[in-house]
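Listed here are the chains, written in short residue letters.
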Amino acid sequence: MSAFSLPRVRWGVAVPTPSVQPMLVAGLLAGVIWAIWTMPETLSLEGRKVLIVTLAAIVGWVGTRLSDSIVAIGAALALVLWGAIPEDRLFATLGSELVWLLLAAFVIAAILKESGLVARVMAPVLGRGPCVLSLFAFLTLAIAGTAFLLPSTSARAALMLPVYAALLPLLPDPRIGRALALLFPSVILLSAGSSLIGAGAHVVAVEAVDGATGLRLGYMDWVLLGAPLGFLASAVAAGLILWLFVPRALWRARLGATTLSSVRDPRQGRILSVLICLIALWVSEPLHGLSIALVALLGALVLLTPAFIDKRTKDVFRAVDTELLVYLAATMLIAQAMTASGADRWMAAGALEVLPEAVATNATGIAVALSLVAVGAHLAITSRSARAAVLIPAVALPVAGLGHDAALTVLIVTMGTGFCQTMMASAKPVAIYGNHDAGGFTQADLFRLAFFLAPIKILLLIAFASWIWPGQLNQLRMSPEPVFSAHAAVSATASATIVPASVTSESSRALAISLRPSPRPEPAIVPARARVSANPRGPERATTQRPAFEQKLRQAQRQIARDFKAARTQFRRDFKKLF
């Protein structure tokens, strides 16, 4: 055979052929660029540049094998080099509050993983040899509870990974391991909406609601809004995974003897105390005024001292996912460029023009449309924070301009972005557990789960947006600012005459009246009999009666003192039992 002869073709052997995927991607990208560049003058030049770069990044994420971080950094550099955004904004994103928050979260997760605290806490439960059904219920609650502790889904996935690896040898059937691999990331992602610190997208949502409506959602406000949906969606996902991937005959099968370490380590008690203090500071943010990121950094700094770790701090910082931080900063820059150039509003205006009038003026129709867009957005944008940063200004706020509640539309979009279990690249926790060496799952398993879970998630969003969230948002608007808030005290002292018009409760009126400096009223001429008849409880009651707000305030102080005392006693008992 000469050097230029064709190779022999054998049956069952594929002949290598040039891949057509790069050609298709290049052709699609060229068509997108040409279509945007030749659009009417309604879109500014900066908006066209930003829109071209953003769509190119989406094509890179979906249609190429390049790393998501490489595509994001390339898009950010393209925006700067093309003159769409100034250079200083590129470097300013790395110093944002969200980046520092995630940095502290990775440090805390690395220390928890190294100390074995998670395994130590779960050892008493798994030592009893629970059945598969009980194990799934316990893990669902435990994983969902970590949303109130760590502000990163990737950090939570890394935190729970040692528990998943330790459970694999105890399972009576390998198929249960695949179900557990799906359970961990699904609950991590769906329960993130339960807490304000559960995802960076929530910070974007809070700022958008504050800017559009003036309603400032605090930590407990978000818990009341998001926790019911987060826990309900997590429970539904756990039930679906059991039904789809675990035979019913194995639901009552029990686990083997636990291999989780139950050694008592003094460091674990100290770390647990620091974590409890962190949660308390996050919950009581209105009291001290410290941001969530600053509290997390303080907690990470304390945990890096020799009293909590027995290795060098350099080794702890090696566990920080630097790639994720840079990727997040780059996607934040893209979202900021979309907003600054007006490209997002231009896209939203075009979408709203196509929206039928019957849907645009119907609250239920808007809830359905927003739910579909928010849940399906993960197929194009693989970052939850980026999805929220793009959808909130481009979809939620323009829809609110049609006469709908802006807080409600932002809430629907934000909660909908939590679903991202269709592809491996859709979320970091999915990739972490899907590619696990000892267990994992396939892309076909994800498609099978998403086929049932996505419609249920959409229905839950529509139900909450139609019957639950509107009433809760109205109550938050009517309720006064927390009495024990440091910000409220300062604002009341500086401007005692400013009272929100939406405040209608009796206590709020009493507070406004007590703080408002008013001139001394002139004595009214009222007959004595009229004064007595107007006060059936007696004249002495009329002169000594305290304002209703002051009485409620003192009752609240006594109740808080009792609650703190009971909680302290219960915590001491539980802490002694555990350690």
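Our subject is the structure that appears above.
Keep in mind that this is a model prediction, so the values were computed, not measured.

**Student:** Is there a simple way to explain the environment of Met423 in this structure?
**Tutor:** Of note, Met423 is situated in the loop between α21 (406–416) and α22 (428–434). Spatially, the C-alpha atom of Met423 lies 9.2 Å from that of Ala444, the residues being 21 residues apart in sequence. Excluding its chain neighbours within four sequence positions, the residues that come into contact with Met423 are His378, Leu379, Val430, Gln443 and Leu446.

**Student:** Just checking my understanding: could you explain helix α19 (residues 363–376) for this structure?
**Tutor:** Taking 1.5 Å of rise per residue, the 14 residues of α19 would be expected to cover 20 Å, and the 20 Å separating its terminal C-alpha atoms lies within 8% of that figure. Every buried residue belonging to α19 is among Gly365, Ile366, Ala367, Leu370, Ser371, Ala374 and Val375, and all of these are buried. Sitting at the amino-terminal end of α19 is Asn362, which places a side-chain oxygen 2.8 Å from the backbone nitrogen of Thr364.

**Student:** Looking at this structure, how should I read the pattern of salt bridges?
**Tutor:** Two side chains with opposite charge may pair up if their charged atoms get near one another. Following the criterion strictly, the structure yields seven salt bridges and no others. Between Asp445 and Arg178 there is a salt bridge; the shortest N-O distance is 3.6 Å. Taken together, the positions of Asp445 in helix α23 (residues 443–478) and Arg178 in helix α9 (residues 174–190) put the pair 267 residues apart, joining distant regions of the chain. The partly exposed category is assigned to Arg178, whose relative accessible area is 27%. Between Asp210 and Arg216 there is a salt bridge whose closest N-O contact spans 3.2 Å. For Asp210, a relative accessible area of 28% gives the class partly exposed. When its relative accessible area of 45% is taken as the criterion, Arg216 is described as partly exposed. Taken together, the shared-partner salt bridges in this structure form one network comprising Arg312, Asp315 and Arg318.

**Student:** Sorry, what's going on with the environment of Ala109 here?
**Tutor:** Structurally, Ala109 is set in helix α5 (residues 97–115). With 48 residues separating them in the primary sequence, Ala109 and Ala157 have C-alpha atoms 9.3 Å apart.

**Student:** Mind showing me how you'd approach the environment of Leu229 here?
**Tutor:** With respect to the secondary-structure elements, Leu229 resides in helix α11 (residues 219–245). For Leu229 and Lys457, which are 228 residues apart along the polypeptide, the C-alpha to C-alpha distance reads 9.4 Å. Setting aside residues no more than four positions away along its own chain, Leu229 makes contact with Met415, Lys457, Leu460, Leu461, Phe464 and Trp469.

**Student:** Would you take a moment to explain the packing of aromatic side chains for this structure?
**Tutor:** For any pair of aromatic rings, the description consists of the separation of the ring centres together with the inter-plane angle of the planes. A complete count under the given rule lists seven aromatic pairs for this structure. Consider the rings of Trp243 and Phe452, whose centres lie 5.5 Å apart with planes at 80°: the pair is edge-to-face. Here the residue Trp243 occupies a position in helix α11, and Phe452 occupies one in helix α23, the gap between them amounting to 209 residues. A relative accessible area of 49% places Trp243 in the partly exposed class. Looking at Phe452, the relative accessible area reads 30%, which means it is partly exposed. Following the ring pairs from residue to residue traces out a cluster consisting of Tyr164, Phe184 and Tyr433. Residue placement shows Arg448 over the ring face of Phe245; its charged tip is 5.1 Å from the ring centre.

**Student:** Teacher, can you tell me more about the side chain of Ser234 here?
**Tutor:** Relative to the elements of secondary structure, Ser234 occurs in helix α11. On the basis of relative accessibility, which here comes to 0%, the residue Ser234 falls in the buried class. Not counting residues within four places of it along the chain, the set of residues in contact with Ser234 comprises Thr140, Val187, Leu190 and Ser191.

The rules we used
- Residues numbered from 1 in each chain as written.
- Predicted model: local features only at pLDDT ≥ 70, side-chain atom pairs only at ≥ 80, totals over all residues.
- Heavy atoms only, no water.
- Helix = DSSP H or I, 4+ residues; strand = E, 2+ residues; numbered from the N terminus.
- Contact = heavy atoms within 4.5 Å.
- Expected span 1.5 Å × (residues − 1).
- Buried < 20%, exposed > 50% of the residue type's maximum accessible area, 1.4 Å probe, protein only.
- Polar contact = N/O pair within 3.5 Å; in protein donor to acceptor, adjacent residues only side chain to side chain.
- Salt bridge = Lys/Arg side-chain N within 4 Å of Asp/Glu carboxyl O.
- Phe/Tyr/Trp six-rings, centres within 6.5 Å; stacked < 30°, edge-to-face > 60°.
- Lys NZ or Arg CZ within 6 Å of the ring centre and 35° of its normal.

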